Amino acid sequence: MQFWALIVDSFRESRDRKIFWVMLGLSVLVAAAMFCFSFEQGKVNVLFGMWVIETDYFTGITGIKTDVIAALVVDGIMDTALGGMGVLLSIIATASFFPTFLDRGAIDVVLCKPMPRWKLFLGRYVGGMVFIGVQATIFVVLTFLVVGLRWGVWLPGYLLAIPLVVLLFSYLYCISALVAVVTRSTIAAVLLTMLAWMAFTGIQAVDDLFPVMFPGWQENKLMYEGVRTARWIVPKTQDITYLAKKWSRAANASVLMNADNDDEREMIEHASKIERERLAISPLAIIGSSLLFEAVIVLFAMWRFARTDY
Amino acid sequence: MVALTEMTNWAVDLIDVRKTYAKNIYALRGVNIQVGRGEIFGLLGPNGAGKTTLVKIMMTVVRPTRALGTILGRPLGHRGKLARTGYLPENHRFPGYLTGLQLLDYYAALAKVPSATRRRNARRLLDQLGLSQWGDVRIDKYSKGMMQRLGIAQALMNDPELIVLDEPTDGLDPVGRRDVRQLLVDLRREGKTVFLNSHLLSELEMVCDRVAILVNGLVARQGTLSELTEHTVEYRITFSGDAQPLKNKLAGLHAAVDGDMVILSGHDAAKVNAVIDLLRGQGILIESVQPHRFSLEDILVEAMAATVPQHQSRDRQGADYPNPERKRRVRW
């Protein structure tokens, strides 16, 4: 009863914020925009035939295939929703959840209830994830339906993006919650969470790209092993994105793309190789090690919350 | 054992409650307070005396450095008993996105009140506090007084045995204050215990059975209003004539001349008669004799004056008790 009340309250609070409706509006807009496009042999129909664009962009290697286009679109959605704009909006949207909860005058009424503080914290924490869960569900289901109904391509694995989005968000939300418990500041929560996100992405980028860009990189044992270890400790935000692509069958779509010359073909094949290598990592290892990091941060935040005078 | 402790007559029995903040700031320095079941108890004191800290410790919002005692028969900090306690904090801030009914439902759910009871109590309390038309209106549309009444309603949603109210009449107009006073009296009649923290001494005087005066983190006075005032009565004797020649004789009776009035401290009627005899013996006309009972304000001022200033007491405290936090930590 108490836990449910906290979650319902969190959802009511999120519904009251403009950013909730902005994110919802963006989801509808993306789905509507996708709905306006359809594909035929060598043609792209826009707005139900109002404009017809003739192109051979998708026909080079495979000939035009709607499922390839769908895979590419979903691939783009994954990058945007999980890797960029979506995460950014989620961080901003939820950064004030804990600071408002901990406001003087607001927290007193809650702390005097017959409920352990860890449970209060957890209720609020899950409440924040429910907010993102609702947004992710609306976005993924809408785009899933457009791809299926309009383009005739059903990608049931794409629906797994919903829990993966929530999971990816939770890796960052734990940082936001910890910063909020310590500082009670929304701005600090936003800034430090974004900084952490950039650091996580940066570590993964260095680990992926430096061996390719700098052939002698692996010989610098200290740096190389340091980055490898750091990668295993911090949440694997990039890998989650690849995992979502894999499960939605959108991964590796780039290899099917057109290549005008040998250089482009080589580039696409190289990108595809990197993706294959990433996807070879066990999902359990990717998710599990990241969850371990999250658990440590959440436990520390809970301890801090339980020990603080308000 | 539990049954025995539950049977205690004290709703609140605080023993040696201490709170030391960082940098050796002693907010509470060993507070002992007892509140009987079914009484309205008032806590008063100047700003910074530690009243709100004490209330927050009772409600587990702040952890004490050291604390013994019980609330509703269970050790201080016992979470289960919080289900039988209602609390209105000072300067509360309720979420503006909720309606009055949603707010009451939310806080009562956190207090483990069953759903059907929540619905019933919410309507009843809104009606009782004059907010029946506002139940479905968002709180950010409420005035300060309405917010305060809503705060009192949320404190009563779980039908508590003990109600702790921190400045409950803050922001209320005179009619609202009267309504709250009446509500407190009704609660007492129902057998509930009310712990009131207020700086409005006249409010406390009107409803409290017992009071405690907190000064510099210590209880300076505690007892019923009559207990606190019985030794602090003075008589004011007004007269016509010249009493200056009797100044020394009056001083011998612990009386002083102040204009056309002689002020006699204490409550000894024999001394009053002696002063009157003395005045009349000089042909002075007695116009009136009025016993003057000290108000709570007088007692508070007296208590403050009698207490060692905080910076001095801190030095003394520091010498005796370098860091109470090290002496004993309370785990909640």
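Keep in mind that this is a model prediction, so the values were computed, not measured.

Cut-off values and rules
Residue numbers here run from 1 along each chain, matching the order of that chain's written sequence. For naming, the first written chain is A and the first written ligand is 1, with later ones following in the order written. Since the coordinates come from a predicted model, pLDDT governs what is reported: local features require at least 70, and pairs of side-chain atoms require 80 or more to be given and counted, while whole-chain, interface and lining totals use all residues. Numbering of helices and strands runs from the N terminus; a helix is a DSSP stretch of H or I covering at least four residues, while a strand is a stretch of E covering at least two. Here a residue counts as buried when 20 or more other C-beta atoms sit within 10 Å of its C-beta, as exposed when there are 12 or fewer, and as partly exposed otherwise, the C-beta atoms being derived from the backbone. Any two residues are considered in contact once their C-beta atoms, placed from the backbone, lie within 7 Å. Pairing between two strands is assigned when DSSP locates at least 2 bridges connecting them. Domains are outlined according to an automatic or database domain assignment. Fitting a line to C-alpha atoms yields each axis, with helices limited to the stretch in contact; the angle taken between N-to-C directions then spans 0 to 180 degrees. Each crossing gets its hand from how the near helix is turned against the far one by less than a right angle, where anticlockwise is left-handed and clockwise is right-handed. Nonpolar residues are Ala, Val, Leu, Ile, Met, Phe, Trp, Tyr, Cys and Pro. Charged residues are Asp, Glu, Lys and Arg, and all others, Gly as well, are polar. Remark: nonpolar core denotes a set of buried Ala, Val, Leu, Ile, Met, Phe, Trp, Tyr and Cys residues whose joining runs through C-beta atoms within 7 Å.

Draft legend 1. Molecular detail of the overall build of chain A. Of regular secondary structure, chain A possesses 13 helices and three strands. Classification of the 310 residues of chain A by burial places 36% in the buried group. Pairs at least 24 apart in sequence give 77% of the contacts found in chain A among residues at least 6 apart.

Draft legend 2. Summary view of the overall build of chain B. Tallying secondary structure elements over chain B gives 13 helices and 14 strands in all. Residues classed as buried in chain B amount to 42% of the 332 residues present. Taking the contacts inside chain B whose residues are at least 6 apart along the sequence as the reference set, 72% of them involve residues at least 24 apart.

Draft legend 3. Quick look at the sheet that holds strand 4 (residues 66–71) of chain B. All names here are of chain B. In space, the four strands of this open sheet follow the order 2-1-4-5, with antiparallel pairing throughout. The open sheet has two edge strands with one neighbour each: strand 2 (25–36) and strand 5 (74–75). As judged from the nine bridges shared by strand 1 (residues 10–21) and strand 2, these two strands associate in the antiparallel manner. Pairing of Asp-13 across the sheet is with Gln-34, part of strand 2.

Draft legend 4. Summary view of the domain arrangement of chain B. Domain boundaries in chain B define domain 1 (2–228) and domain 2 (233–292). Taking only C-alpha atoms into account, the centre of domain 1 of chain B sits 45 Å from that of domain 2 of chain B.

Draft legend 5. Structural view of the sheet that holds strand 1 (residues 37–40) of chain A. Residue and element names in this part refer to chain A. The three strands lie next to each other as 1-2-3, forming an open sheet whose pairing is antiparallel. Each having just a single partner strand, strand 1 and strand 3 (51–54) make up the two edges of the open sheet. Averaged over all adjacent pairs, the angle separating strand axes in this sheet is 20°, with direction ignored. Where strand 1 and strand 2 (residues 43–46) come together, four bridges link them in antiparallel fashion. Note on strand 2: the bridge partner recorded for Phe-39 is Val-44.

Draft legend 6. Highlighting the packing of helix 8 (residues 161–183) of chain A against helix 9 (residues 186–213) of chain A. Residue and element names in this part refer to chain A. Relative orientation of the contacting elements helix 8 and helix 9 amounts to 145°, with a least axis distance of 8 Å. The two elements helix 8 and helix 9 cross, and the hand of that crossing is right-handed. Each of Leu-172, Ile-175, Ser-176, Val-179, Ala-180 and Thr-183 in helix 8 lies in contact with helix 9, whose residues at this interface are Ala-188, Ala-189, Leu-192, Thr-193, Ala-196 and Trp-197.

Draft legend 7. Expanded view of the interface of chain B and chain A. Listed per partner, the contact involves 24 residues of chain B and 21 residues of chain A. Looking at which element gives the most residues to the side of chain B that touches chain A, the answer is helix 3 (residues 100–110) of chain B, with four residues. Residues of the side of chain B that touches chain A, tallied by class, amount to 15 nonpolar, five polar and four charged.

Draft legend 8. Inspection of the environment of Val-137 of chain B at higher detail. Residue and element names in this part refer to chain B. Within the element layout of this structure, Val-137 appears in the loop between helix 4 (115–128) and helix 5 (144–156). Here Val-137 falls in the partly exposed class, since 14 other C-beta atoms lie within 10 Å of it. Linking Val-137 and Leu-296, residues 159 residues apart in sequence, is a C-alpha distance of 40 Å. Setting aside residues up to four positions removed in sequence, Val-137 forms contacts with Thr-99 and Gly-100.

Draft legend 9. Examining the pairing of strand 6 (residues 85–88) of chain B more closely. All names here are of chain B. Of the two faces of strand 6, the one lined by Thr-85 and Tyr-87 and the one lined by Gly-86 and Leu-88 are each fully buried. Here strand 6 runs beside strand 7 (residues 162–166); their pairing, made up of four bridges, is parallel. The partner of Tyr-87 across the bridge, within strand 7, is Val-164.

Draft legend 10. Local environment of the pairing of strand 13 (residues 261–265) of chain B. All names here are of chain B. Going residue by residue along strand 13, you find Val-262 and Leu-264 tucked away on one face and Met-261, Ile-263 and Ser-265 left uncovered on the opposite face. When strand 11 (residues 234–240) meets strand 13, the two strands line up antiparallel, connected through five bridges. Counted as the bridge partner of Glu-234 is Ser-265 from strand 13. Relative to strand 13, strand 12 (residues 255–258) is paired through four bridges, and the arrangement is antiparallel. Of the residues in strand 13, the one forming a bridge with Ala-255 is Leu-264. Hairpin connection between strand 12 and strand 13: a loop of two residues separates the two successive antiparallel strands, and Gly-259 in this loop has a positive phi of roughly 70°.

Draft legend 11. Region of the structure containing the nonpolar core. Core analysis: the biggest nonpolar cluster contains 152 residues, and Val-165 of chain A together with Met-157 and Ile-213 of chain B have the highest contact counts within it. With 18 residues, the top contributor of residues to this core is helix 8 of chain A. By size, the runner-up hydrophobic cluster in this structure holds 11 residues, among which are Ile-237, Leu-246, Leu-250 and Ala-255 of chain B.

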